[in-house]
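Examination of the molecular architecture
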Amino acid sequence: MNNPSEISNIIKSQIENYKKQTDMSETGKVILVGDGIARVYGLNNCMANELLEFDGGSFGMAQNLEEDTVSVAILSNNNDIREGMTVRRTGEVLSVPVGENLLGRVVNALGEAIDGKGPIEYAGTRPIESEAPGIIERQSVSVPLQTGIKAIDSMIPIGRGQRELIIGDRQTGKTEIIIDTIINQKNTNVICIYVAIGQKSSSVAQLTNELMRNGAMDYTIVVSATASESAPLQYIAPYSGCAMAEYFREQGKDVLIVYDDLSKHAVAYRALSLLIRRPPGREAYPGDVFYLHSRLLERAACVAKEYGGGSITALPVIETQSGDVSAYIPTNVISITDGQIFLETELFHSGVIPAINPGISVSRVGGSAQLKGMKKVSGELKLLYSQYRELQSFAQFGSDLDADTKARLALGERIVEILKQGKNKPVKVGCQVAIVYAAIKGYLDSVEVKNIKEYEERLFAKLENEYGSWLKRIEDNYFEESDEEELKAILKEMQV
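Presented here is a report on the structure given in the accompanying data block. (Residues numbered from 1 in each chain as written. Predicted model: local features only at pLDDT ≥ 70, side-chain atom pairs only at ≥ 80, totals over all residues. Heavy atoms only, no water.)

Let's talk about the state of the cysteines
Considering all chains together, one arrives at zero disulfides under this definition. Considering cysteine sulfurs only, C192 is the nearest to C242, which forms no disulfide, with 15 Å between them. Note on C302: no disulfide assigned, nearest cysteine sulfur contributed by C242 at a separation of 15 Å. (Disulfide = S-S within 2.5 Å.)

Digging into the pattern of salt bridges
Counted by the stated rule, this structure contains 30 salt bridges. Two residues, E129 and R295, come together in a salt bridge whose shortest N-O distance is 3.0 Å. Here E129, found in the loop between β9 (124-127) and α2 (150-155), pairs with R295, found in helix α7 (residues 289-297); they are 166 residues apart in sequence, far enough to count as distant. For D404, the salt bridge identified is with R408, shortest N-O distance 3.3 Å. Of this pair, D404 and R408 are both found in helix α11 (residues 403-419), four residues apart, which corresponds to roughly one turn of the helix. The network of salt bridges with shared partners includes R126, E246, E250 and R299. (Salt bridge = Lys/Arg side-chain N within 4 Å of Asp/Glu carboxyl O. Helix = DSSP H or I, 4+ residues; strand = E, 2+ residues; numbered from the N terminus.)

Points about α11
The end-to-end C-alpha separation of α11 is 25 Å, in line with the 24 Å expected for 17 residues at 1.5 Å each. Buried within α11 we find T405, L409, L411, G412, R414, I415, V416, E417, I418 and L419. Where α11 is buried, its residues contact α2, α10 (372-395), α12 (429-440) and α13 (452-466). N-cap assignment for α11: the residue whose side-chain oxygen lies 3.2 Å from the backbone N of D404 is D402. (Expected span 1.5 Å × (residues − 1). Buried < 20%, exposed > 50% of the residue type's maximum accessible area, 1.4 Å probe, protein only. Contact = heavy atoms within 4.5 Å. Polar contact = N/O pair within 3.5 Å; in protein donor to acceptor, adjacent residues only side chain to side chain.)

A short note on the layout of surface pockets
Volume-wise, the largest pocket comes out at about 880 Å³. Taken together, 32 residues line the largest pocket, and the ones lying closest to its centre are Q171, G173, K174, T175 and E176. Those elements giving two or more residues to the lining of the largest pocket turn out to be α3 (174-183), α4 (201-213) and β14 (311-319). Among the elements that take part in the lining of the largest pocket, α3 stands out by supplying six residues, more than any other. Here the residues of the lining of the largest pocket are counted per class, giving 11 nonpolar, 10 polar and 11 charged. (1 Å grid on protein atoms, 1.4 Å probe; cavity = no way out; pocket = protein on both sides within 12 Å on 5 of 7 lines; lining within 4 Å. Points joined across faces, edges and corners; volume = space filled by probe spheres on them. Nonpolar A, V, L, I, M, F, W, Y, C, P; charged D, E, K, R; others polar.)

Description of the nonpolar core
Core analysis: the biggest nonpolar cluster contains 77 residues, and I182, Y455, L459, L463 and W470 have the highest contact counts within it. When neighbours within four sequence positions are excluded, L463 is seen to be in contact with C431, A434, G468, W470, L471 and I490. (Core = buried A, V, L, I, M, F, W, Y, C linked by side-chain atoms within 4.5 Å.)

A few points about the side chain of S263
Looking at where S263 falls in the secondary structure, it is placed in helix α6 (residues 262-275). Residues within four places of S263 in sequence aside, it is in contact with V317, I318, E319 and I329.

Regarding the environment of G252
In this fold, G252 is placed in the loop between α5 (231-249) and β13 (254-260). Those residues in contact with G252, other than ones at most four positions away along the chain, are G308, G309 and G310.

Focus: the side chain of S76
Turning to its location among the elements, S76 is positioned in the loop between β5 (69-74) and β6 (86-93). Given the relative accessible area of 16%, S76 is considered buried. A distance of 3.5 Å separates polar atoms of two side chains, one belonging to S76 and the other to S58. In this structure, S76 is in contact with S58, S230 and L233, ignoring residues within four places of it in sequence.

Laid out in C-alpha cells, this is it:
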C-alpha cells in the first residue's frame, strides 16, 4: 500500500499541472426553418452578418437581430437543417477564398469549386463586405479599358476604375458585349471576374466554354449563383466576386468585374427580405435596395499609386422591361454608375449589332481615358450619328429631300455600317481609328453601303500586314500630324 504522503504529493502536482480547458461558445436552437431562412432562438450576443454553424456542418449568415430570435439566411442548398437543431456562433463574418489559383476556375458564391477540377488551394480568405476606398485613396480614371467593340470604344469609352452600366431588354446582346470585352483583355494584364446571378446553369456553361475556346479563362474567374440556388446565395454572389477582385487590386493589378445581372440580384434580395419579415417599400423591394447596390459598386475604383495602385472596373448589367429605363432598379443603378450603354430591341431586330443607342448612352469619365487617336476621330462621330438618327425619322415622311440632307443620310448609313460587328471579333484600337476616320472624312462616300464590310476587311488586313508600326504608335497613345498624314495616304491607296 502506498504511503499517504506520496498520494497527497501526486494529487498536489496534478492540481498544479491542471490546465483549465473549457471551450466557451454561445449556441441556440432552430425554432423554424423554410425557404432558405432559419429562425434561431438563444443567440443573444449574435452580430449582424455573423457566420453561424449548424449541427450538420451547413453555415448561415445572421440577418435580422430581433428581441428573442435571429433570422438566419442559410448558405447551402442541402435542405439538411431541421427544427430543434443546435446553431453555434463562430464570431466571424462571412469570408470567401481569394488568390491566384482561382483563375481559370468556376466557383459558387462561397468560393467552392463547382467545375469538377478538384479543390482549390487558396492564398487566404477575405470578408465579402468591406469598406470602399475613400476619396483620398482614389485617383481620376485616366487609362482606357479597350473593349474591342467599335461603337463603345469610339462613342462611349470605358476607363480602368470606372463603373459603366450595360442596360437593355432581354435578348439584346448584353452578355455578348461582356464576352467580347473579356476576350479583348488577353495580353493586357487585366484580370476578369464574371459573376452570374440567377441565370440558367446551361447559360453559364455556354459562356465558360466560349471563354475557354478563345483562351480567356486563363485570366478569368467565373462566380456562379444560378437560378436553382437559394436567394441568400444569389444575394452574396456579387460581394464574393468583389472580395476576390479586391485581393488582386491590393497587389496593384487591374481587374474587370461583371455583375450579370443586378436586376436578378435585387429580386433575390427582395425574396430574402420578405421572408425575414422586413417591411416592403416600392414594388415590394425593401427600403435599403439602393444601399444594396451602392455599397457594392462604390468598391470599384482606381486607387492612387501611393496607396498601392490597381483598379477595379465594374460593368453591372440591368435587364429592362420594354425598354423602360425609368423603372425603380434601373434608375437606382444609373444614378450610382458613371454612365450607361443602352441596347435597343428595335436596333437589334433591324440587324444593327451591337444594338447600341448612342442617343441615351453616355460615359461620364471615359473621354478623359481615351487614346489620342481615338479622341481626335471620335469627337464628330457621335454628333454625326445622332443627327442621322434624328433625320432618319423625318426623312421617311418626306419624298423630296435637299442635297445636304441626302448627304447626311448617306454618311449616317455608312457610320451605322462601320459600327456593326460580329460576335467574338474584337477590333484593335488602331484599326478602329482608321475606319472611323475613313467614314467621317468622306473616304467611304464612293463605296456602296453593301461593300463597306469588304472594304473594312481589306483595310484591316493592309494595316496588319504593311503598317504594323503605325498601329503600334496609335496603341502607344501617339497621333501626331505625321500619323494623320500617313493614315490619309493609306486611305488614298485603298481608293485606287
